[in-house]
Structure formats: structure tokens, C-alpha cells
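Summary of the model geometry
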Amino acid sequence: MALIGRTMVAALFLPGCLIAMMTLATTAPGAEPPRMETLQFDSKRSSAQFSVKVFWMIPVDGQFGGLRGEVVVDHFSSQARVDARIDADGVTMRRSAYENWVKSAEFFDVERYPEIRFHSDSFPISRLHGGGDLPGVLTMRGIEQSVLFQVQPSTCDRPAIDCDVMADGTVRRSEFGMTTRRASLSDKVELSFSVRIVAPAARAPEPMTRPPQ
């Protein structure tokens, strides 16, 4: 299934160039970052939401319980990839009746599938500044589908550290086994993400060794 990405807010942790800039900014002069580096989401400041329309007009919104994950940066190839884990079991909504329903087997089926997962394809780090496509695989209700998110250009010099990186897209719930209430509930479910990462610690330069006398 193809996730029809829409325009997003700030540059996302997922797409890249700013991630490289973040790691370089925290590297002490004279020190070189490792080829591969893993940056953790800041789960306290990252979040994920969803929205679905009733009768194709009235949006019903919910907040997932949490968003965890990591960004793996390859400094040699200037590429990055993302692994995000969304807590579906902790969904909260304005009305408890809606909340109970989206957790039920009709929708997210959190008893059997408490987590939603997104694995991105590798993407150029430069995309974090300019925004663009973020393709990958979304696993929901045990079903994997190819999806496409969109990332917007950055609003700060160090996205995901000094400002949120955000992404969203639209998935068809029927592609993930949610086939009930088609007469009253839109097939399209909007997913959106707001991400911060834990700032990497500064690395000291390697000590210089004196040649033997």
C-alpha cells in the first residue's frame, strides 16, 4: 500500500542533512565522528497523532501513547535511516467511547498489536534541510505496507535538537485490515509525527602520541 504523504511542518528526524550537522556540531575540534552513529529519539518530547473523518467531514483526533526510536547515520555515504515505534495501546482521545473503539479489534486492535512500527529506507542527509519524500515500511495490526511520508524544510539550524522535526501522511485503513464502518468512516487515516532526538555528547579529539625518541 502506498502512503500518500503530505506536506509536513519542521524538518523531520527522519530525513537528513541536519542530523549530520547536529553530530558535527557536537564533535570537538580535531575529532572525527564514527562512520556509523545511532541517535535516540527523545521520547519525552516526541509524539505521534492520528485523525480520521466521520462522514468524510468531521475529524476525530487521537494521540498515541508515545513515540520511541532511533536514527542511524552513515557519515561516509551521507545517508540515514529511521526506526520508529509508536505506542498504540496508550491512545488517548477526547471521549472514552472513541478511545475504547479505536483500541478495539475493529481499529488498531491494541490487545494483539500494541505497537505500530515504521522503518524508513535510506535517505540522503541533505533532505533534512530542504524536505522531501521519506519512503519506508509501516507495520500496523501485523500487516506491512510500503508508505511514503513527506518532510518539510527545517525551521532551525539544528532540527530535532533546537526545533521539532515533523512528518505526516495518509494511509488507507482498509489496507491494514480495518474494513468496518465504511458507510460512516473515511478509509483515510492521517498520521503525524513530531520528533526530537537526544543531543549526542561532544566527542574529544584523539590524544596525540609522541614518536619514540
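Before reading on, note that the structure itself is shown above.
The structure contained in this document is the topic of the report that follows. (Residues numbered from 1 in each chain as written. Predicted model: local features only at pLDDT ≥ 70, side-chain atom pairs only at ≥ 80, totals over all residues. Heavy atoms only, no water.)

**Overview of the pairing of strand β10 (residues 132-140)**
Note the following rule: Only when DSSP finds a minimum of two bridges between them are two strands counted as paired. Numbering of helices and strands starts at the N terminus; helices are DSSP runs of H or I of at least 4 residues and strands are runs of E of at least 2.
Of the pairings in the sheet, the one linking strand β8 (residues 115-120) to β10 comprises four bridges and is antiparallel in character. Bridge pairing in β10 links serine 120 to glycine 136. Note: β10 against strand β11 (residues 143-151), nine bridges, orientation antiparallel. Note on β11: the bridge partner recorded for aspartate 133 is glutamine 150.

**Remarks on the nonpolar core**
Selection criterion: What is meant by a nonpolar core is a set of buried Ala, Val, Leu, Ile, Met, Phe, Trp, Tyr and Cys residues, joined one to another through side-chain atoms within 4.5 Å. Summary of the burial criterion: residues with accessible area below 20% of their type's maximum are buried, those above 50% are exposed, and those between are partly exposed, where the area comes from a 1.4 Å probe applied to protein chains only. Only heavy atoms matter for contacts: two residues are in contact if any of them lie within 4.5 Å across the pair.
With 46 residues, the main nonpolar core has Phe50, Phe64, Phe108, Leu191 and Phe193 as its most contacted residues. Broken down by element, this core gets its largest block of residues, five residues, from strand β13 (residues 185-195). When residues no more than four places from it in sequence are discounted, the contact partners of phenylalanine 193 are Ser47, Ala48, Gln49, Leu67, Ile86, Phe149, Val165, Met166 and Ala167.

**Describing a nonpolar patch on the surface**
Selection criterion: Only residues whose relative accessible area exceeds 30% and that form no salt bridge are eligible for patches; like-charged ones are grouped when within 9 Å, while nonpolar side chains (Val, Leu, Ile, Met, Phe, Trp, Tyr) are grouped when within 5 Å. Using the Shrake-Rupley algorithm and a 1.4 Å probe, accessible areas are obtained, with residue cover drawn only from the displayed protein chains. Within this document, salt bridges are pairs made up of a side-chain nitrogen of Lys or Arg and a carboxyl oxygen of Asp or Glu, the two lying within 4 Å of each other.
A surface patch of nonpolar side chains, about 500 Å² in accessible area, is lined by Phe55, Trp56, Met57 and Ile58. If you trace the backbone, tryptophan 56 turns up in the loop between β3 (47-54) and β4 (58-63). The exposure class of tryptophan 56 is partly exposed, given its relative accessible area of 47%.

**Things to note about the side chain of arginine 141**
Keep this limit in mind: For this analysis, a polar contact is any N or O atom pair within 3.5 Å, provided that within protein one partner can donate a hydrogen and the other can accept it, and provided that sequence-adjacent residues contribute only side-chain to side-chain pairs.
Looking at the element boundaries, arginine 141 is found in the loop between β10 and β11. There is a polar contact of 2.9 Å between the side chain of arginine 141 and the backbone oxygen of alanine 105. Filtering out sequence-adjacent residues up to four positions away, arginine 141 remains in contact with Ala105, Glu106, Phe107, Phe108, Asp109, Tyr113, Phe176, Gly177 and Met178.

**Quick word on the environment of isoleucine 197**
Note that isoleucine 197 resides in the segment after β13. Look at isoleucine 197 and you get buried, because its relative accessible area is 2%. The spatial distance from the C-alpha of isoleucine 197 to the C-alpha of aspartate 162 is 9.6 Å, given a sequence separation of 35 residues.

**Notes on the state of the cysteines**
To keep things clear, this is the line we draw: Our working definition of a disulfide is a cysteine sulfur pair at a distance within 2.5 Å.
Taken as a whole and judged by the stated rule, the model has one disulfide. At a sulfur-sulfur separation of 2.1 Å, the disulfide partner of cysteine 156 is cysteine 163. Disulfide cysteine 156-cysteine 163: the torsion about the S-S bond is -70 degrees, which places it as left-handed. Classification of cysteine 156 by relative accessible area gives buried; the value is 17%. By relative accessible area, cysteine 163 is classed as buried at 9%.

**Points about the pairing of strand β12 (residues 165-172)**
β12 sits mainly inside the fold: six of its eight residues count as buried. Across eight bridges, the pairing between β12 and β13 is antiparallel. What sits directly across from valine 171, in β13, is valine 189.

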